Structures are given as structure tokens and as C-alpha cells.
Amino acid sequence: MAANGASCEQPQKRAGPKDKQNGNTADLSVRERRQRDKEERLSLLLWRRPVTTLHYFLLETLFKLKELTSKLWQQRGTVFLFLVLCSLFSIAYSTEGAHQQYVQYLEKKFLWCAYWVGLGILSSVGLGTGLHTFLLYLGPHIASVTLAAYECGSTDFPEPPYPDQIVCPQLGGEEGSISLLSIMSKVRLEACMWGAGTAIGELPPYFMARAARQSGADPDDEDYEEFEEMLEQAEGAQDFVTRAKLGVQHMVQKVGFFGILACASIPNPLFDLAGITCGHFLVPFWTFFGATLIGKAIIKMHIQKLFVIITFSKHIVEQMVSLLGSVPKLGPSLRKPFSQYLEAQRNKLHHAGGSAPADENWLSWVFEKVVLVMVCYFVISIINSMAQSYAKRLQQLRHSEEKTK
């Protein structure tokens, strides 16, 4: 019996290294295949393969629309209730009566809040790259309100035309009566709505990672693959970026609500993986979203808002213009257009209007072109990302067909 037992154990011991070698070979082939597939997908760029990229983008768009239609049909009760509410609001909107002033007020506030929430979502949603809507929209809005408040001596701008256009009230306040708190209160709604939008933009990675962890499926997302590779290589990580990402991941995983709150409350470029981390480790939804909402819409937003207001305060702007004038050789040529631009803005605030000076036009021209370039890059990144997503879908379908053969 002992001999038979020994003879039975020996083949198992000898087979161990062979099985391990076969397993390593299989893992190596899978990794090579994934690497080839990834390189093939990354080659789908609008400036490299425009026809194929646009073709895959259109097919992915149709697939997403079909998927969305299927999900809406599954939730047809909720959709029907939403349509009924929209119909009731439409009837109230079109019917004459004393309620019209309240309806118009609600419509104006809803559209204004939805505008800033949408910009916040665009800033953080994972569509290849985020559109920097704080630099393009919210930051300039806060800066214009700050400059107008110091110039007018008041924040009681007449509505309309505010917020589409800022003009000084007829009864302006005394100079020096403007405080940081009054300006912060004036732009609090826009800033908080934008911050709430950035928190909503972090939800898709959370739901994707959570569903993948619960079902054991391989999600169609490059960031999730990067996250899993980072976890596999956690012990041997040497570079600063990987160690910083791991630090954020450990804080979110171990500290929980307050760890997420701390990471969301500061300008943190590594927070992109927080949604994937919380979804992967099955952090409760309200723990993740509640901490993210408080951190981004309240704490972080007040920090950014305070920074912009202080930067564009009247005395600091005048000091910056003076510093531009002190630059050797280029100083006068730089100071002149900025001074004329500020003077033109003051004239507009006081209805002194007229056309802007010719030397000031190049500033607005440069800003318009920068905005146009950033928006175009954002759109192109969406096209590339969706085309690569469809290519990955085709690769997964091809590999599944090869396995069944």
C-alpha cells in the first residue's frame, strides 16, 4: 500500500513543473495576443486610419443606440411616467394664468442648472479625455463676475440680461463694499452645479467595475485593464505614478468614506481610478457617490472658486498689468492690449459700450481659437475612443468564435 501510494505521488510531483510550464506558456500567449489586439486598437485614430475609424465609430454609435433602446424598453414603466410628467409640465407651460411666472422661473433655473451640470459631466466623464470646462467656461464666468463686482461696487446685476450679460446696476454700491463672501455667494449655484456634474461623471466607471466584479466578466474598458495590471504589479511598482495610484487605491479601500472624501476634495488627477477602485472592491454606492459629491461639489469647488476670485480681484489684476509692463523690451507691447481689454470691459459694464479697440481683438481671437481647438480635440477623442471600443468588440467576438471551433 505504501509502495502504491509512493508510486501514485511520484507522477503528480513530476507533472507539477510541466503543468506550471504549460500554464506559463499559455499565460504568455494570452498576454501576447492581448498586446497585439491593444496595439491594433490604438492604431484606430482619425488622422491615421480615417475611413476605418469613422466606419467603426458609426457602427459603435448604432450599437449604443440599440442598447439604449433595449434598456429603455425594459424600464418602460419609468419612461411612461416620465413622459406623463413632461406632458403635464407642457400643458402648464402653454396654459395662460397666474402660474406662468412660477413656471418661467422654474424653467430658467432648471436650464441654468442643467447647463452647468452638463459641463461638469463633460469635464470628468470617461470618453477618451475630459473637456476642460472649468478653464473654458466656469473659470471665465467667475472671473467676469469678480471683475464686474469690483468695478460696479455691487453684485446685484439686473436680470435680465444677467447671467447672459453683466451690466452694472443703476444704483451701484460704494467702492470697497465688495467682499470675497459676496462674490462667492453670487456664483455659488453655478459652481456647485458644475461640481455635482463632475461627481456624476465618475459614476460610469464605478458601475462598470462593480458589474464586472459581481459577474466575473471582462469589461470593455482600457482603464479597468490598467487597474488590474496595476494590482498585479503592485509589489514590484517602482515609478512614482504607479505608486501614487496605489496610494490612492489603498486610501480609498481602507479608509472608506473619509478616504474618498479626502481624494475628491483636492484637485487630484489620480482620482480617475477612484470609481473603478470603489466598484472593484464593492464599496456601497452611497458611500462612494456621497463622499464624491460632498468633496467635489462643496469642498473642492469652494477652493477652486476662492482661488479664481482672489486671482481676479481688482488690486491683483492691476498688479499683474503693472508687472507685464515691467518686462524688458516686450513689456509695453504686452501691457497695452491687456489694459485696453480691461478698459473695454469697464465700458461695457457701464453701458459706455461701443466697439472694442482694434488692439484688443487679438486677445479675444486667441481665446476663441483655443476654445475651438480644445472642443475639436474633445470630439476627435470621442470618435477615436468609440471606434476602438467597437474594434475591441470585434476582437472579443473573433476570439470567442475561435474557442468554439
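Residues numbered from 1 in each chain as written. Predicted model: local features only at pLDDT ≥ 70, side-chain atom pairs only at ≥ 80, totals over all residues. Heavy atoms only, no water.

**What about the overall build of the protein?**
This is how the line gets drawn: Only DSSP runs of H or I covering at least 4 residues are called helices, and only runs of E covering at least 2 are called strands; the numbering of each starts at the N terminus. Exposed residues in this analysis have more than 50% of their type's maximum accessible area, buried residues have under 20%, and partly exposed residues fall in between, with area computed by a 1.4 Å probe over protein chains only. Contacts are residue-level and defined by heavy atoms, with any inter-residue pair within 4.5 Å sufficient. Areas reported as accessible are Shrake-Rupley estimates using a 1.4 Å probe. Residue values count occlusion only from the protein chains shown.
When its secondary structure is counted, the protein shows 16 helices and 0 strands. With 405 residues in all, the protein has 32% of them scored as buried. Contacts spanning at least 24 positions in sequence make up 70% of the contacts within the protein whose residues lie at least 6 apart. Carbon together with sulfur atoms contributes 63% to the accessible area of the protein, which is approximately 25,400 Å² in total.

**Side note on the nonpolar core**
Threshold: Put simply, buried Ala, Val, Leu, Ile, Met, Phe, Trp, Tyr and Cys residues joined by side-chain atoms within 4.5 Å make one nonpolar core.
The biggest cluster of nonpolar side chains holds 24 residues, and the ones touching the most others in it are Leu-138, Val-145, Phe-157 and Trp-194. Elements with a contribution of two residues or more to this core: α4 (100-124), α5 (133-152), α6 (180-186), α7 (188-200) and α13 (285-311). Element by element, the count of residues in this core is highest for α5, at 8 residues. Apart from the residues within four sequence positions on either side, Phe-157 is in contact with Val-145, Ala-148, Ala-149, Cys-152, Tyr-162, Ile-166, Val-167, Pro-169 and Lys-186. Within the second largest apolar cluster, 15 residues are counted, among which are Leu-261, Phe-288, Phe-289 and Ala-291.

**Examining the environment of Gly-279**
In this structure, Gly-279 sits in helix α12 (residues 274-280). Through-space distance from the C-alpha of Gly-279 to that of Arg-213 is 7.7 Å; in sequence the pair is 66 residues apart. Not counting chain neighbours up to four residues away, the residues in contact with Gly-279 comprise Tyr-206, Ala-209, Arg-210 and Arg-213.

**Here we look at the packing of helix α11 (residues 257-264) against α13**
Filter applied, for reference: Every axis corresponds to a line fitted to the C-alpha atoms, with the helix fit spanning only the stretch in contact, and the corresponding angles, defined between N-to-C directions, vary from 0 to 180 degrees. Left-handed is the label given to a crossing in which the near helix is rotated counterclockwise from the far helix by less than a right angle, and right-handed is the label when the rotation is clockwise. By the convention adopted, Pro, Cys, Tyr, Trp, Phe, Met, Ile, Leu, Val and Ala count as nonpolar, Lys, Arg, Asp and Glu as charged, and the other residues, Gly among them, as polar.
In contact at an axis separation of 8 Å, α11 and α13 are set at 35° when each is read in the N-to-C sense. Note that α11 runs across α13; the crossing there is right-handed. Each of Phe-257, Ile-260, Leu-261 and Ala-264 in α11 lies in contact with α13, whose residues at this interface are Thr-287, Phe-288, Gly-290, Ala-291, Thr-292, Ile-294, Gly-295, Lys-296, Ile-299 and Lys-300. Taken together, the residues that form the contact of α11 with α13 break down as 8 nonpolar, 4 polar and 2 charged.

**Quick notes on the packing of α4 against α5**
With their axes 9 Å apart at the nearest point, α4 and α5 run at an angle of 145° to one another. Along the contact surface, α4 presents Trp-112, Tyr-115, Trp-116, Leu-119, Gly-120, Leu-122 and Ser-123, while α5 presents Thr-133, Tyr-137, Leu-138 and His-141. Looking at the contact of α4 with α5 residue by residue, the class counts come to 7 nonpolar, 4 polar and no charged.

**Focus on the packing of aromatic side chains**
This is how the line gets drawn: Only the six-membered ring of Trp is used, alongside the rings of Phe and Tyr, when aromatic pairs are assigned; centres must lie within 6.5 Å, and planes under 30 degrees apart are stacked while those over 60 apart are edge-to-face, with the rest tilted. We call a charge positioned over a ring when the NZ of a Lys or the CZ of an Arg lies within 6 Å of the ring centre and within 35 degrees of the ring normal.
Summed over all chains, the structure comprises 15 aromatic pairs. Aromatic side chains Trp-112 and Trp-116 sit 5.6 Å apart centroid to centroid with 90° between the ring planes, which places their arrangement in the edge-to-face category. Of this pair, Trp-112 and Trp-116 are both found in helix α4, 4 residues apart, which corresponds to roughly one turn of the helix. Neither residue differs from the other here; Trp-112 and Trp-116 are each classed as buried. Ring centres of Phe-157 and Tyr-162 lie 5.5 Å apart, and the angle between their planes is 40°; on these two criteria the pair is classed as tilted. You'll find Phe-157 and Tyr-162 in the same group, each marked buried. Ring pairing ties together the aromatic residues Tyr-206, Phe-207, Phe-285, Trp-286, Phe-288 and Phe-289, which thus form one cluster. A cation sits over an aromatic face here: Arg-76 above Trp-73, 4.6 Å from the ring centre. Residue placement shows Lys-186 over the ring face of Tyr-162; its charged tip is 4.6 Å from the ring centre.

**Points about α7**
Note the cut-off: A helix is expected to span 1.5 Å multiplied by its residue count minus one.
Here α7 spans 18 Å end to end across 13 residues, near enough to the 18 Å set by a 1.5 Å rise per residue. Three or more residues of α7 are buried, namely Glu-190, Ala-191, Cys-192, Trp-194, Gly-195, Ala-196, Gly-197, Thr-198 and Ala-199.

**Digging into the pattern of salt bridges**
For clarity, the threshold we go by: Any carboxyl oxygen of Asp or Glu that lies within 4 Å of a side-chain nitrogen of Lys or Arg is treated as forming a salt bridge with it.
A complete count under the given rule lists 3 salt bridges for this structure. Across the pair Lys-64 and Glu-60 runs a salt bridge whose closest N-O atoms are separated by 3.9 Å. Of the two residues, Lys-64 and Glu-60 both sit in helix α2 (residues 50-74), 4 residues apart, roughly one turn of that helix. With relative accessibility at 38%, the residue Lys-64 sits in the partly exposed group. Note that Glu-60 is salt-bridged to Arg-393, the shortest N-O span being 2.8 Å. Here Glu-60, found in helix α2, pairs with Arg-393, found in helix α16 (residues 361-404); they are 333 residues apart in sequence, far enough to count as distant. Under the relative-accessibility criterion, Glu-60 is labelled buried at 0%.

**Things to note about the confidence of the model for the protein**
Applicable threshold: pLDDT is a residue-level measure of predictor confidence that goes from 0 to 100.
Taken as a whole, the protein shows an average pLDDT of 75; of its residues, 68% reach a score of 70 or greater. Within the protein, the element-level pLDDT minimum falls on helix α1 (residues 2-42), averaging 58, and the maximum on α7, averaging 91. This stretch, residues 352-360, has a pLDDT under 50; its non-local contacts, to residues over four places away or in other chains, come to 11 contacts.

**Points about a nonpolar patch on the surface**
Operational definition: Patches here: salt-bridge-free residues with over 30% relative accessible area, like charges joined within 9 Å, nonpolar side chains (Val, Leu, Ile, Met, Phe, Trp, Tyr) joined within 5 Å.
Together, Phe-80, Leu-81, Val-84, Leu-85, Leu-88 and Ile-91 make up a nonpolar patch on the protein surface, roughly 590 Å² of accessible area in all. Tracing the backbone shows Phe-80 in helix α3 (residues 76-94).

**Details of the side chain of Thr-198**
Keep this limit in mind: For the purposes of these results, a polar contact is taken to be a pair of N or O atoms within 3.5 Å, where, inside protein, one atom must be able to donate a hydrogen and its partner to accept one; residues adjacent in sequence count only when each atom of the pair is a side-chain atom.
Within the secondary structure layout, Thr-198 lies in helix α7. On the accessibility criterion, Thr-198 (6% relative accessible area) is buried. Only 2.5 Å separates the side chain of Thr-198 from the backbone oxygen of Gly-195, close enough to count as a polar contact. Setting aside its immediate chain neighbours within four residues, Thr-198 contacts Gly-120, Ile-121, Ser-123, Ser-124 and Lys-296.

**Concerning the environment of Ala-387**
Assignment of secondary structure puts Ala-387 in helix α16. For the pair Ala-387 and Arg-41, spaced 346 residues apart in sequence, the C-alpha separation works out to 8.3 Å. When near neighbours in sequence (up to four residues on either side) are disregarded, Ala-387 contacts Leu-44, Thr-53, Tyr-56 and Phe-57.

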